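Topology and contacts: notes
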Amino acid sequence: MYYIGQQTNRMKYSELHKKLKKAGCYIKRQGSRHPIWYSPITGNTFPTSRHESQEVAKGTLKDIKEKSGVNL
């Protein structure tokens, strides 16, 4: 349940991908199940989903933030 004024950190993969690209991240290769992104900020690679219209799970978003170094 959400209350008036309560913020949610919901984000769809399409929005996540746009923010990653804007920060300089790019798809390094297409994995068998997920695209593998590269972050020049941290030098790390990390997977995301191909399902652009799905919302990113809270734990997944936290992990991508840490691996990419991008403030999402």
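First things first, this report covers the structure right here in the doc. Given the structure is predicted, the values throughout are model-derived calculations rather than measurements.

**Here we look at the pairing of strand 1 (residues 26-30)**
Here strand 1 pairs with strand 2 (residues 35-38) via four bridges, running antiparallel. Within strand 2, the residue paired with I27 across the bridge is W37. Where strand 1 folds back on strand 2, the antiparallel hairpin that results is connected by four residues.

**Notes on the sheet that holds strand 2**
If you trace the three strands from one edge of the open sheet to the other, you get 1-2-3, paired in antiparallel fashion. Edge positions in the sheet fall to strand 1 and strand 3 (45-47), since each of these pairs with one other strand and no more. Strand-to-strand twist in this sheet, taken as the mean axis angle between neighbours without regard to direction, amounts to 35°.

**As for the packing of aromatic side chains**
Enumeration according to the criterion identifies one aromatic pair in this entry. Taken together, a centroid distance of 5.4 Å and an interplanar angle of 50° make the contact between Y26 and Y38 tilted. Of this pair, Y26 sits in strand 1 while Y38 sits in strand 2, and the two are twelve residues apart along the sequence. With relative accessibility at 43%, the residue Y26 sits in the partly exposed group.

**Brief notes about the pairing of strand 2**
Judged from the three bridges that link them, strand 2 and strand 3 form a sheet pairing that is antiparallel. Paired with I36 across the bridge in strand 3 is P47. Connecting the antiparallel pair strand 2 and strand 3 is a turn made up of six residues, with G43 showing a positive phi of about 80°.

Here is what the cut-offs are and how they apply
Residues numbered from 1 in each chain as written. Predicted model: local features only at pLDDT ≥ 70, side-chain atom pairs only at ≥ 80, totals over all residues. Heavy atoms only, no water. Pairing = 2+ DSSP bridges. Helix = DSSP H or I, 4+ residues; strand = E, 2+ residues; numbered from the N terminus. Axes fitted to C-alpha atoms, helices over the stretch in contact; angles between N-to-C directions. Phe/Tyr/Trp six-rings, centres within 6.5 Å; stacked < 30°, edge-to-face > 60°. Buried < 20%, exposed > 50% of the residue type's maximum accessible area, 1.4 Å probe, protein only.

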